[in-house]
Amino acid sequence: MSYLPSLRENAVLLDVFRAYPATSVPLVEYHEALMRGASPFSIAERELIAGFVSRLNACQYCAGVHVATTEKFGTSAGVVDHAVEDLETAPLAATMKPVLAYVRTLTESPRRVTAGDAASVLAAGWPEQALHDAVSICALFNFMNRLVEGVGIRADDDYFAGAATRLHDGGYRPLIEMMRRDE
């Protein structure tokens, strides 16, 4: 149940966005640019980072949506949870492991991120934009996890599956139209 009394009992993030469009529209536009725009990372890899950060933060809602979305884009089921538990043995491309190690440190103890951590990402063959994108996705989902947890949004597996299908098929921009439908 949402902590915002004006929202319906089983409110989801779209309800929060509809209630606060002045800040939500630019936020969703940023999601679209970062998560679906040009990047060295595939869409599945960006959703993987989002799901990984959200699992690290134990944000059930965001992890549920973004783990389901990365799986919809072809990531094997259980990979995100495996990576959270043991990144070294997770069945991921070797190039993704330093990226996830970087965002883990940035999420759990940002002051401990070093130039060596960044160099590991670049040494894995990623260009500078990948490092920027990984940091930006990490920052965005740390923000989103706190927004969702702070307003008390919850959902179930059926909701996650539907949200994953919407994100897979249309990206983030359709959320803006969904926000405006009831205006």
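What you see is a predicted model, and the numbers here were worked out from it, not measured in a lab.

Considerations on the overall build of the chain
Logical step 1: Tallying secondary structure elements over the chain gives ten helices and zero strands in all.
Logical step 2: Each helix and strand of the chain, placed in order from N terminus to C terminus, yields the pattern α-α-α-α-α-α-α-α-α-α.
Logical step 3: Taking 16 Å as the expected radius of gyration for a compact globule of 183 residues, we find that the chain reaches 16 Å, a close match to that expectation.
Logical step 4: Dimensions along the principal axes, computed over C-alpha positions, put the chain at roughly 50 × 35 × 30 Å.
Logical step 5: Split into buried and exposed, the 183 residues of the chain put 48% on the buried side.
Logical step 6: When contacts within the chain are restricted to residue pairs at least 6 apart in sequence, those whose partners lie at least 24 apart make up 70%.
Logical step 7: Accessible area of the chain: about 8900 Å², with a carbon and sulfur share of 55%.
Logical step 8: Taking the 16 positively charged and 23 negatively charged side chains of the chain as two groups, their mean positions are separated by 2 Å.

What to know about the nonpolar core
Logical step 1: In this structure, Ile 49, Tyr 61, Leu 100 and Phe 141 are the most contacted members of the largest nonpolar core, which totals 59 residues.
Logical step 2: Dropping the residues within four chain positions of it, Tyr 61 is found in contact with Val 12, Leu 13, Val 148, Ile 153, Arg 154, Ala 155, Tyr 159 and Phe 160.

So, the layout of surface pockets
In this approach, a probe sized like a water molecule rolls over the atoms, and the result shows the empty space that is left.
Logical step 1: Of the pockets and cavities examined, the largest pocket occupies roughly 330 Å³.
Logical step 2: Contributing to the lining of the largest pocket are 20 residues, with Leu 13, Val 65, Tyr 159, Leu 167 and Leu 175 lying nearest its centre.
Logical step 3: Only α1 (13-19), α2 (21-36), α4 (60-72), α8 (128-151), α9 (157-170) and α10 (174-180) provide two or more residues apiece to the lining of the largest pocket.
Logical step 4: A per-class count over the lining of the largest pocket returns 16 nonpolar, three polar and one charged.

Looking at the packing of aromatic side chains
Logical step 1: Under the definition given, this model contains four aromatic pairs.
Logical step 2: Geometrically, the ring pair formed by Phe 41 and Trp 126 is tilted, given 4.5 Å between the ring centres and 50 degrees between the ring planes. Linking Phe 41 in the loop between α2 and α3 (43-56) with Trp 126 in the loop between α7 (115-123) and α8, this pair joins segments that are 85 residues apart in sequence.
Logical step 3: A ring pair is formed by Tyr 61 and Tyr 159, whose centres lie 5.6 Å apart and whose planes are at 35 degrees; its orientation type is tilted. Placement of Tyr 61 in helix α4 and of Tyr 159 in helix α9 is noted, with a sequence separation of 98 residues between them.
Logical step 4: Three or more aromatic residues joined by ring pairs make a cluster, and in this case those are Tyr 61, Tyr 159 and Phe 160.

Concerning the side chain of Arg 36
Logical step 1: As for its position among the elements, Arg 36 is in helix α2.
Logical step 2: The class of Arg 36 is buried, set by a relative accessible area of 16%.
Logical step 3: A distance of 2.9 Å separates the side chain of Arg 36 from the side chain of Glu 47, its partner in a polar contact.
Logical step 4: Side-chain polar atoms of Arg 36 contact the backbone oxygen of Leu 167, separated by 3.1 Å.
Logical step 5: What Arg 36 contacts, discounting residues up to four positions off in sequence, is His 31, Ile 43, Arg 46, Glu 47, Thr 69, Phe 73, Leu 167, His 168, Gly 171 and Tyr 172.

Observations concerning the pattern of salt bridges
Pairs can form between side chains of opposite charge whenever their charged atoms are close.
Logical step 1: For the structure on display, the rule yields five salt bridges.
Logical step 2: The shortest N-O distance in the salt bridge between Arg 36 and Glu 47 comes to 2.9 Å. Taken together, the residues span a long stretch of sequence, with Arg 36 in helix α2 and Glu 47 in helix α3 at a distance of eleven residues.
Logical step 3: We note a salt bridge from Arg 55 to Asp 81, for which the minimum N-O separation is 2.4 Å. One end of the pair, Arg 55, is in helix α3; the other, Asp 81, is in helix α5 (residues 79-85), and 26 residues separate them in sequence.

Examining helix α6 (residues 96-108)
Logical step 1: The end-to-end C-alpha separation of α6 is 18 Å, in line with the 18 Å expected for 13 residues at 1.5 Å each.
Logical step 2: Taken together, the buried positions of α6 are Met 96, Lys 97, Pro 98, Val 99, Leu 100, Tyr 102, Val 103 and Thr 107.
Logical step 3: Of the surrounding secondary structure, the elements contacted by the buried residues of α6 are α3, α5, α7 and α8.

Thoughts on the packing of α6 against α7
Logical step 1: One way to put it is that α6 packs onto α7 with a least axis distance of 8 Å and a crossing angle of 155 degrees. Judged by the angle between their axes, α6 and α7 are roughly antiparallel. When you trace α6 past α7, the crossing you get is left-handed. Every residue of α7 that contacts α6 at Pro 98, Val 99, Tyr 102 and Thr 105 is listed here: Asp 117, Ala 118, Ser 120 and Val 121.

What counts and how
- Residues numbered from 1 in each chain as written.
- Predicted model: local features only at pLDDT ≥ 70, side-chain atom pairs only at ≥ 80, totals over all residues.
- Heavy atoms only, no water.
- Helix = DSSP H or I, 4+ residues; strand = E, 2+ residues; numbered from the N terminus.
- Rg over C-alpha atoms; globule rule 2.2 N^0.38 Å.
- Buried < 20%, exposed > 50% of the residue type's maximum accessible area, 1.4 Å probe, protein only.
- Contact = heavy atoms within 4.5 Å.
- Areas by Shrake-Rupley, 256 points an atom, 1.4 Å probe, with all protein chains shown as cover.
- Lys, Arg positive; Asp, Glu negative; His and termini not counted.
- Charge placed at Lys NZ, Arg CZ, Asp CG, Glu CD.
- Core = buried A, V, L, I, M, F, W, Y, C linked by side-chain atoms within 4.5 Å.
- 1 Å grid on protein atoms, 1.4 Å probe; cavity = no way out; pocket = protein on both sides within 12 Å on 5 of 7 lines; lining within 4 Å.
- Points joined across faces, edges and corners; volume = space filled by probe spheres on them.
- Nonpolar A, V, L, I, M, F, W, Y, C, P; charged D, E, K, R; others polar.
- Phe/Tyr/Trp six-rings, centres within 6.5 Å; stacked < 30°, edge-to-face > 60°.
- Polar contact = N/O pair within 3.5 Å; in protein donor to acceptor, adjacent residues only side chain to side chain.
- Salt bridge = Lys/Arg side-chain N within 4 Å of Asp/Glu carboxyl O.
- Expected span 1.5 Å × (residues − 1).
- Axes fitted to C-alpha atoms, helices over the stretch in contact; angles between N-to-C directions.
- Parallel < 35°, antiparallel > 145°, perpendicular 65-115°, else oblique.
- Left-handed = near helix turned anticlockwise from the far one by under 90°.

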